[in-house]
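# Structure assessment
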Amino acid sequence: MPTHPTRTRPNRPPRLALVLGSGGVRSAAAVGIAEVLAGAGVRPDLVVGCSSGALVGATIALRMSPEHALQTASELLSRELTRQHRWRAWLQLLAPRLAGFPDDFALRDAWLIERRVREAFGQRRIEDAPTSLRIAATDANSGEAAVLTHGSLVDALRASVAVPFLFPAVTIEGRRLVDGVISDPLPLAAAADARTVVALGFQGSMPGRVDRASHLVAQVSTATINNLMQARNAAARAAGQRVLHIELALERRVGCWDTSALRYLYEAGRRAAQTQLPQIMTMLEGRSMRAAA
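Computed from a predicted model, the values in this text were never measured in an experiment. (Residues numbered from 1 in each chain as written. Predicted model: local features only at pLDDT ≥ 70, side-chain atom pairs only at ≥ 80, totals over all residues. Heavy atoms only, no water.)

## Let's talk about the nonpolar core
Grouped together as the largest cluster of nonpolar side chains are 69 residues, with contacts concentrated most on Phe121, Leu133, Ile135, Leu153, Leu157 and Leu200. Setting aside anything within four residues of it in sequence, one finds Ile135 in contact with Gly49, Ala54, Ile126, Ala146, Val147, Leu148, Leu153, Ala156, Leu157 and Ser160. Within the second largest apolar cluster, 14 residues are counted, among which are Ala17, Ala190, Val197 and Val243. (Core = buried A, V, L, I, M, F, W, Y, C linked by side-chain atoms within 4.5 Å. Buried < 20%, exposed > 50% of the residue type's maximum accessible area, 1.4 Å probe, protein only. Contact = heavy atoms within 4.5 Å.)

Okay, here's the thing in structure tokens:
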């Protein structure tokens, strides 16, 4: 079996962690945030990502240029990836005894996602990223959060974005893993050892009206995820984590897969980080500051 060289990291707590939650293309604002931090000489030494935040977080941990990172995001956060139908899935839904209903059932085929992620990241391993990287997923069998810190970067990213029912689970080291948003939409707990955390997370938008089955599903899942994120944030504050939440000032609505807005989101991330930079520096200097709500 071939061996892979691993990067030796100092055995000390991260000084600054950048934690990125799920948010579709809005996660790309983190590229602007990371650029401002690096320009101020406070490049994060840990990146934690969940779902779309994991995809963008990987570009930051690999220290891609902003242009390269945004181009990668445009390929990985495209609506096209969600439209690869599995026609057999409808037969499995309507006649499960006849067609079978496997535990990796999915409405969509994940072949295009796998191809795009592999084209973007190749054979890289998580532990070999220049900046320490942790990827949040969910154990499909237990429902518990799973934090991936080593192994194939492609497999970990595929698992972190594997929305149940929509895409099949990804098996890693004997565990069936699905989207990290199911257990922790903004994985602050995965950066519990960091001295300071800068976080970018998003509340989901509830549907305006429920006039079809998909809107009902969206209403229930969005409410559940929003409440879970609030609970996780409260737990982080109670545990004494030093967290600053970055809030984006968006003047227009941005759809989940609106890749035409990537440059706009990048600039919004830059502006937000520049506004919050004095507070970030205060936290890094160890002066007291109440964690953001």
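## As for the packing of helix H1 (residues 29–39) against helix H9 (residues 262–284)
Axis separation between H1 and H9 bottoms out at 7 Å; the angle between their running directions is 40 degrees. Relative to H9, the element H1 is oriented oblique. The way H1 lies across H9 gives a crossing that is right-handed. Contacts from Ala29, Val31, Gly32, Ile33, Glu35, Val36 and Leu37 in H1 reach Leu265, Tyr266, Gly269, Arg270, Ala273, Gln274, Leu277 and Ile280 in H9. Among the residues making up the contact of H1 with H9, the classes are represented as 10 nonpolar, 3 polar and 2 charged. (Axes fitted to C-alpha atoms, helices over the stretch in contact; angles between N-to-C directions. Helix = DSSP H or I, 4+ residues; strand = E, 2+ residues; numbered from the N terminus. Parallel < 35°, antiparallel > 145°, perpendicular 65-115°, else oblique. Left-handed = near helix turned anticlockwise from the far one by under 90°. Nonpolar A, V, L, I, M, F, W, Y, C, P; charged D, E, K, R; others polar.)

## A look at a nonpolar patch on the surface
On the surface, a cluster of nonpolar side chains totalling about 730 Å² of accessible area is made up of Trp87, Trp90, Leu93, Leu94, Phe101 and Phe165. Structurally, Leu93 is set in helix H4 (residues 87–94). Among the residues examined, Leu93 registers a relative accessible area of 33% and is labelled partly exposed. (Patch = residues over 30% accessible without salt bridge, like charges linked within 9 Å, V, L, I, M, F, W, Y side chains within 5 Å. Areas by Shrake-Rupley, 256 points an atom, 1.4 Å probe, with all protein chains shown as cover. Salt bridge = Lys/Arg side-chain N within 4 Å of Asp/Glu carboxyl O.)

## A short note on the side chain of Ser51
Along the chain, the position of Ser51 falls in the loop between strand S2 (46–50) and helix H2 (52–61). Since its relative accessible area comes to 8%, Ser51 is described here as buried. When residues no more than four places from it in sequence are discounted, the contact partners of Ser51 are Ser22, Ala136, Ser160, Val161 and Asp179.

## A word on the pairing of strand S6 (residues 175–179)
Of all 5 residues in S6, 4 are buried, a share of seventy percent or more. As judged from the 3 bridges shared by strand S3 (residues 132–139) and S6, these two strands associate in the antiparallel manner. Paired with Asp139 across the bridge in S6 is Leu177. Across 3 bridges, the pairing between strand S5 (residues 170–172) and S6 is antiparallel. Residue Ile172 lies in a different strand from S6, and its bridge partner there is Arg175. (Pairing = 2+ DSSP bridges.)

## Describing H1
Counting buried positions over the 11 residues of H1 gives 8, a clear majority of the element. Along H1, the positions that sit buried rather than exposed are Ala29, Ala30, Val31, Gly32, Ile33, Ala34, Val36 and Leu37. In this fold, the buried residues of H1 make contact with strand S1 (16–20), H2, helix H3 (66–76), strand S7 (196–200) and H9. In the segment just after H1, Gly41 is the residue with positive phi, at about 80 degrees.

## Considerations on the pattern of salt bridges
Once the charged atoms of two side chains with opposite charge are near each other, the side chains can pair. One pass over the structure, following the stated rule, counts 10 salt bridges. Here Arg176 ties to Asp103 by a salt bridge, and the two come within 4.0 Å at their closest N and O atoms. Of this pair, Arg176 sits in strand S6 while Asp103 sits in the loop between helix H5 (96–99) and helix H6 (111–121), and the two are 73 residues apart along the sequence. Residue class for Arg176 comes out buried when judged on its relative accessible area of 18%. Residue classification places Asp103 among the exposed positions, given a relative accessible area of 60%. Between Asp184 and Arg232 there is a salt bridge whose closest N-O contact spans 3.9 Å. Here Arg232 lies in helix H8 (residues 213–238) and Asp184 lies in the loop between S6 and S7, a separation of 48 residues in the sequence. Under the relative-accessibility criterion, Arg232 is labelled partly exposed at 36%.

## Thoughts on the state of the cysteines
Using the criterion set out here, one finds 0 disulfides in the structure. Counting only cysteine sulfurs, Cys256 is the nearest neighbor of Cys50, a cysteine outside any disulfide, at a range of 12 Å. (Disulfide = S-S within 2.5 Å.)

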